[in-house]
Amino acid sequence: MMKRIVILGSTGSIGRNTLKVIRAFPKRFSILGLSTNSNIQILYQQIKEFHPEFVGVKDINAGLKLKANMPFRKIKLFLGEEGLIQMLKDKRIDQIVLAISGSGALLPLLKAIESKIDIALANKEAMVMAGSLIMNKAKVNNVKIIPIDSEQSGIWQCLNGEEKDKLKNIYLTASGGPFRLMRRFQLKDVSIQDVLRHPRWKMGKKNSVDSATLMNKGLEILETMFLFDVPLEKIKVIIHPEAVIHSMVEFVDGVIFAQLSIPDMRIPIQHALSYPQRLVNNLKRLDFFKLKTFNFERPDLKRFPCLALAYRAAQQLGTMPAVLNAANEVSVEEFLKKRLKFICIPEVVKRVLEKHANKDSPDLEDILEADNWARMEAYRVIRRLSY
Ligand code: MG
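Reading guide: rules and limits
Residues numbered from 1 in each chain as written. Predicted model: local features only at pLDDT ≥ 70, side-chain atom pairs only at ≥ 80, totals over all residues. Heavy atoms only, no water. Helix = DSSP H or I, 4+ residues; strand = E, 2+ residues; numbered from the N terminus. Rg over C-alpha atoms; globule rule 2.2 N^0.38 Å. Buried < 20%, exposed > 50% of the residue type's maximum accessible area, 1.4 Å probe, protein only. Contact = heavy atoms within 4.5 Å. Areas by Shrake-Rupley, 256 points an atom, 1.4 Å probe, with all protein chains shown as cover. Lys, Arg positive; Asp, Glu negative; His and termini not counted. Charge placed at Lys NZ, Arg CZ, Asp CG, Glu CD. Donors = N, O, S within 2.8 Å, 3.2 Å for Na, K, Ca; no water. Core = buried A, V, L, I, M, F, W, Y, C linked by side-chain atoms within 4.5 Å. Domains from an automatic or database assignment. Axes fitted to C-alpha atoms, helices over the stretch in contact; angles between N-to-C directions. Left-handed = near helix turned anticlockwise from the far one by under 90°. Buried area = accessible area lost by both parts, 1.4 Å probe. Salt bridge = Lys/Arg side-chain N within 4 Å of Asp/Glu carboxyl O. Pairing = 2+ DSSP bridges. Disulfide = S-S within 2.5 Å. Right-handed = clockwise from strand over helix to strand, strands pointing away. Expected span 1.5 Å × (residues − 1).

1. Here's the deal with the overall build of the protein
Then comes step 1: The helix and strand tally for the protein stands at 16 helices and 11 strands.
Then comes step 2: Computed over its C-alpha atoms, the radius of gyration of the protein comes to 20 Å, within 12% of the 21 Å expected for a compact globule of 387 residues.
Then comes step 3: Counting only C-alpha atoms, the protein reaches 55 × 50 × 40 Å along its principal axes.
Then comes step 4: For the protein, with 387 residues in total, the buried portion stands at 55%.
Then comes step 5: Intrachain contacts of the protein at a sequence separation of at least 6 include 69% that bridge at least 24 residues.
Then comes step 6: Of the roughly 18,500 Å² of accessible surface on the protein, 51% is carried by carbon and sulfur atoms.
Then comes step 7: Each charge class in the protein was averaged separately, 60 positive and 41 negative side chains, and the resulting centres sit 6 Å apart.

In structure tokens, the structure reads:
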């Protein structure tokens, strides 16, 4: 049976990897729709190869440019965030791959759930901001959310078919990022290039910066809590530099399941698309004799304070995770624009968290308001930080 897929964020790192998977299984998956924020060059190439019936461009100016040069008259073009949401109303969509990075994924995700479409979720920020809302809505609408994030995919696969109430711990693994072995003072002057040089994974820029600060793991703690309905005490972060174990689950009888594979995002993407089936692929295989050893370390919260801040937000919940996420997003953007030092990212997040009046059991409006407030506050803090 052919599965009809829409990729939101098809021109980013996960989107392009998803298309590689789809290219490898032309009889299983077809592309119904694609979308990009503004990267119309890559979108154009993707249209030529995959012949979607519709495409969305969030940036309206970029979308109009694409329209002017569109040789494919039959393809419907949707513009702006409204357009993206409109796109999701097509009744023929079997699954949406949500590969938009950052908080911009939240509204499309909620709309997709309302349209009762199953979701392969690569974005973690939406889950961090509004995890309870999303999971409740998914339950009410009987929508399956299958994670693509490699750790979450690992946990999902390990928990499959097990008794959830017999779960003792989740070991969330982290490669440790490019600065795992650096001393604190050495982190003072790291450049964007240093940050983007991840030893194990090739990722988009936002995710790469988050991996370097370990905020990525912090966001994943929250993602895990909501996605699997697990309390914070049961989630343990372990640094595992080889990035071959993508997470582990421990049950009450002392048995631990781990999910292993080479670090290649096409593997969790393929699983999210093909579930509950497994498909033969020709990706590289794990070679234990080359690997020889696995290493494990405790995360250092002093050198990587972002992880400690995420723990704090995960203890408090309410609107705190949304605030953590927003302050981090602004800090990462400003770092990538060379307006904030790498080492100041946690400082900004910390100050914003400390100033926030938390609200319990927030609704969507509360969350969006907290997100907005945290962004303004983060800009204010950054302006005040002199360096
Ligand atoms: Mg991950």
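2. Description of the coordination of the magnesium ion
Then comes step 1: Taken together, D149 (OD), E151 (OE) and E220 (OE) make up the protein donors of the magnesium ion, found 2.1 to 2.2 Å from the metal.
Then comes step 2: Spacing between the donor residues of the magnesium ion along their common chain follows D-x1-E-x68-E. You can see D149 sitting in the loop between β7 (145-147) and α7 (150-159) and its partner E220 sitting in helix α10 (residues 215-228), a full 71 residues away along the chain. As far as the burial class goes, D149 and E220 line up, both buried.

3. Topic: the nonpolar core
Then comes step 1: Residues I96, I134, I148, I221, L324 and F342 are the most contacted members of the largest nonpolar core, which totals 127 residues.
Then comes step 2: With nine residues, helix α14 (residues 320-336) is the single largest residue contributor to this core.
Then comes step 3: Two domains share this core, each providing at least three of its residues, namely domain 1 (3-147) and domain 2 (151-176 + 214-299).
Then comes step 4: Excluding residues within four positions of it along the chain, F342 makes contact with F179, L187, V190, V195, V209, A212, T213 and F335.

4. Considering the packing of α14 against helix α15 (residues 345-355)
Then comes step 1: Between α14 and α15, the least distance of the axes is 9 Å, while the angle of their chain directions is 145°. Both α14 and α15 take part in a crossing whose hand is right-handed. Together, M320, V323, L324, A327, N328, S331 and F335 of α14 and I345, V348, V349, V352 and L353 of α15 make up the contact between the two elements.

5. Let's talk about the domain arrangement of the protein
How large an interface is tends to be reported as the accessible area lost when its parts come together.
Then comes step 1: Under the domain assignment used here, the protein contains domain 1 (3-147) and domain 2 (151-176 + 214-299).
Then comes step 2: Placing the centre of domain 1 and that of domain 2 at their C-alpha centroids yields a distance of 25 Å.
Then comes step 3: Every contact between the two is made by 25 residues of domain 1 and, on the other side, 23 residues of domain 2.
Then comes step 4: Summed over both sides, the interface between domain 1 and domain 2 buries roughly 2,200 Å², with carbon and sulfur atoms accounting for 74% of that surface.
Then comes step 5: Of all residues in domain 1, the largest losses of buried area upon contact with domain 2 belong to K124, V128 and P147, amounting jointly to 28% of the total for that side.
Then comes step 6: At the junction of domain 1 with domain 2, the criterion picks out one salt bridge.

6. Regarding the pairing of strand β10 (residues 245-251)
Then comes step 1: Burial runs high along β10: seven of the seven residues are buried.
Then comes step 2: Note: strand β8 (residues 167-174) against β10, four bridges, orientation antiparallel. Within the sheet, the bridge partner assigned to L167 lies in β10 and is F251.
Then comes step 3: Direction of pairing for β10 relative to strand β11 (residues 256-260): antiparallel, over a ladder of four bridges. Considered in β11, the bridge of E250 is made with I256.
Then comes step 4: Hairpin geometry of β10 and β11 is characterised by an intervening segment of four residues between the two adjacent antiparallel strands and by a positive phi of about 90° at G254.

7. Some points on the state of the cysteines
Then comes step 1: Per the counting criterion, the structure on display carries zero disulfides.
Then comes step 2: C306 provides the cysteine sulfur closest to C344, a residue in no disulfide bond, and the two sulfurs are 11 Å apart.

8. Observations concerning the pairing of strand β6 (residues 118-121)
Then comes step 1: Here four bridges tie strand β5 (residues 95-98) to β6, and the two strands are oriented parallel to one another. Opposite I96, over in β6, you have I119 as the bridge partner.
Then comes step 2: You can see the chain leave β5, run along helix α5 (residues 106-114) and come back into β6, and the turn it takes is right-handed.
Then comes step 3: Bridge count between β6 and β7: three bridges; the pairing is parallel. Bridge pairing links L121 to P147 in β7.
Then comes step 4: With helix α6 (residues 125-140) bridging β6 and the parallel β7, this β-α-β connection has right-handed handedness.

9. Structural notes on α14
Then comes step 1: Under the 1.5 Å per step criterion, the end-to-end length of α14 is 24 Å for 17 residues, consistent within 8% with the ideal 24 Å.
Then comes step 2: Most of α14 sits out of view: 15 of its 17 residues are buried.
Then comes step 3: Just downstream of α14 lies K338, where phi reads positive at about 60°.

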